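Notes for the structure review
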Amino acid sequence: MKAARFYAQKDIRIEEISEPELRPGAVAIDVAWCGICGTDLHEYLEGPIFVPAPGHPHPLSGEEAPVTLGHEFSGTITAVGEGVLDLAVGQNVVVEPYFTCGQCASCQAGNYHLCVKMGFIGLAGGGGGLGEKIVVDARWVHRIGDIPLDEAALIEPLSVGHHAVMRSGVLPGQYALVGGAGPIGLLTAAVLKGMGVTTIVSELSAARKDKARESGVADHVLDPGVEDVRERVMEITHGIGADVAFECAGVNAVLDTLLDALKPTGVLVNVSIWGRPATVDMQKIVLKEIDVRGTIAYVRDHAEVIELVGSGKIDLKPFITGRIALEDLIDKGFDTLINHNETAVKIIVSPSGKGL
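Residues numbered from 1 in each chain as written. Predicted model: local features only at pLDDT ≥ 70, side-chain atom pairs only at ≥ 80, totals over all residues. Heavy atoms only, no water.

1. A closer look at the overall build of the chain
Using the following cut-off: Where helices and strands are cited, they refer to DSSP runs of H or I of at least four residues and of E of at least two residues respectively, numbered from the N terminus. Just to be clear, the radius of gyration here is over C-alpha atoms, and the globule rule we use is 2.2 Å times residues to the power 0.38. Only protein chains enter the area calculation, which uses a 1.4 Å probe; residues under 20% of their type maximum are buried, those over 50% are exposed, and those in between are partly exposed. Residues count as neighbours in contact if any of their non-hydrogen atoms are within 4.5 Å of one another. With residues, only the protein chains shown are counted as cover, and all accessible areas are computed by Shrake-Rupley using a 1.4 Å probe.
Looking only at helices and strands, the chain features 11 helices and 18 strands. On C-alpha atoms alone, the chain measures out to a radius of gyration of 20 Å, which is about the 21 Å that the 2.2 N^0.38 rule sets for 356 residues. The C-alpha extent of the chain, read off along each of the three principal axes, is 60 × 45 × 45 Å. When the 356 residues of the chain are sorted by exposure, 53% land in the buried category. A sequence separation of at least 24 residues applies to 68% of the contacts in the chain between residues at least 6 apart. Working note: accessible area of the chain is about 14,800 Å², and carbon and sulfur atoms make up 50% of it.

2. A closer look at helix α7 (residues 229-236)
Filter applied, for reference: Read the arc as the range of directions from the helix axis to the C-beta atoms. N or O atoms closer than or at 3.5 Å make up a polar contact, with two conditions inside protein: a donor-capable atom paired with an acceptor-capable one, and, for residues adjacent in sequence, both atoms drawn from side chains.
Turning to α7, its buried residues number three or more, namely V229, V233, M234 and I236. Viewed end-on, α7 has its buried residues packed into an arc of 160°, placing them on one side of the element. Elements that come into contact with the buried residues of α7 comprise β11 (175-179), β12 (198-202), β13 (220-222), β14 (242-247) and α8 (252-261). Where α7 begins, one side-chain oxygen reaches toward the backbone nitrogen of R230, 3.1 Å away; that side chain belongs to D228.

3. Description of the sheet that holds strand β2 (residues 11-16)
Worth spelling out the cut-off: Pairing between strands is defined by DSSP: at least two bridges between them are needed.
Spatial ordering of the open sheet is given by β2-β1-β4, a layout of three strands whose pairing is antiparallel. Of all strands in the sheet, those bounded by a partner on one side alone are β2 and β4 (67-68).

4. Regarding the environment of I49
Within the secondary structure, I49 is located in the loop between α1 (38-46) and β4. Beyond its immediate sequence surroundings of up to four residues, I49 is in contact with H42 and E43.

5. Some points on the sheet that holds β11
Put simply, the rule is: Fitted lines through C-alpha atoms serve as axes, helices being fitted only where they are in contact, and the angles separating the N-to-C directions of these axes extend from 0 to 180 degrees.
Judged by pairing direction, the sheet is parallel, and its six strands sit side by side in the order β13-β12-β11-β14-β15-β16 without closing on themselves. Only two strands of the sheet have a single neighbouring strand rather than two, namely β13 and β16 (291-294). Across the sheet, the axes of successive neighbouring strands diverge by a mean angle of 20°, strand direction being ignored. Bridging between strand β15 (residues 262-270) and β16 involves four bridges; their strand directions are parallel. Residue pairing for β16: L268 is matched across the bridge by V292. Of the strands in this sheet, β14, β15 and β16 are in contact with helix α4 (residues 155-168), which crosses β14 at around 145°.

6. Structural notes on the pattern of salt bridges
Formally: Definition used for salt bridges: Asp or Glu carboxyl oxygen within 4 Å of a side-chain nitrogen of Lys or Arg.
Counted by the stated rule, this structure contains 17 salt bridges. Between R5 and E15 there is a salt bridge, with its nearest N and O atoms 3.9 Å apart. In this pair, R5 is assigned in strand β1 (residues 2-8) and E15 in strand β2, connecting sequence segments 10 residues apart. Of the residues examined, E15 reaches a relative accessible area of 21% and is grouped as partly exposed. Residue R293 pairs with D291 through a salt bridge whose shortest N-O separation is 3.1 Å. One network of salt bridges, in which partners are shared, links E227, R232 and E235.

All we've got here are geometric facts, nothing functional implied.
Below, the structure is given as structure tokens:
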């Protein structure tokens, strides 16, 4: 089968590899669509980061570079391994792409996303959604019912946004400020809007501002290049400030603005993966007693997210801005998102080409 394999920084190859073998407790899936994630772009430009470097195999997968990429994917079950009782051939599914040990304190406490050995399928090994087929342990596979497979490829990043929103403790009727309208920022805003939160999005890119408006996920769209975001947030919140803020850009200026625009006792949730250390004016946190919370991926979020999408409370169609073949992954996928990201939000890939 065809697969996109990460070898090293700026070295991803489309290759023919052996199809994965079915095992007990797992299911085989034909991948329909796989999204290109910002994490994939970081691996390409700066990696290996989450991909195990040669000579340093991942403790759970046992794999090292080269590995098949892709962790935002949907597909159809084609075979069911021994002992799997709640999944069936023909069901459309998405995958919660984890490796966890099940034995560390975090796993034992139910916080499997904080496993000390945690890795992601499609980064740490285990195959990936940028291959035509994959075999995954049944515990990580979620049925999606009638949700279209192309939209379902966005359930994984939507789960990231959902987990961040749950971490914030925001309530319906409150005000949220989202810094950055890339895919994760937009999907975080979609969750907030679906909860009845007044959502303010700050973004420089014209295309992403337009997407925030067109998709309906933002009540207010601000441009920090031409207006004072703090001042506008104070106007919108009647002089109080935002209740919660979400850093979705990995940019220091965005972080600083969010701290300024939060109300006293507000909550800042960092969602983005940073490429370099941030600098923080601690006085901004101290003098307003701001809570700063980290968030990584998701934990027990997929079922609720699938319900939100399946019930129509969140519409994922507007966020898909490109569909490409696996052979075009670098030229029409990575290059677009790295060098022309103002023209795209979420590009999804058909490994088999059947969806194009």
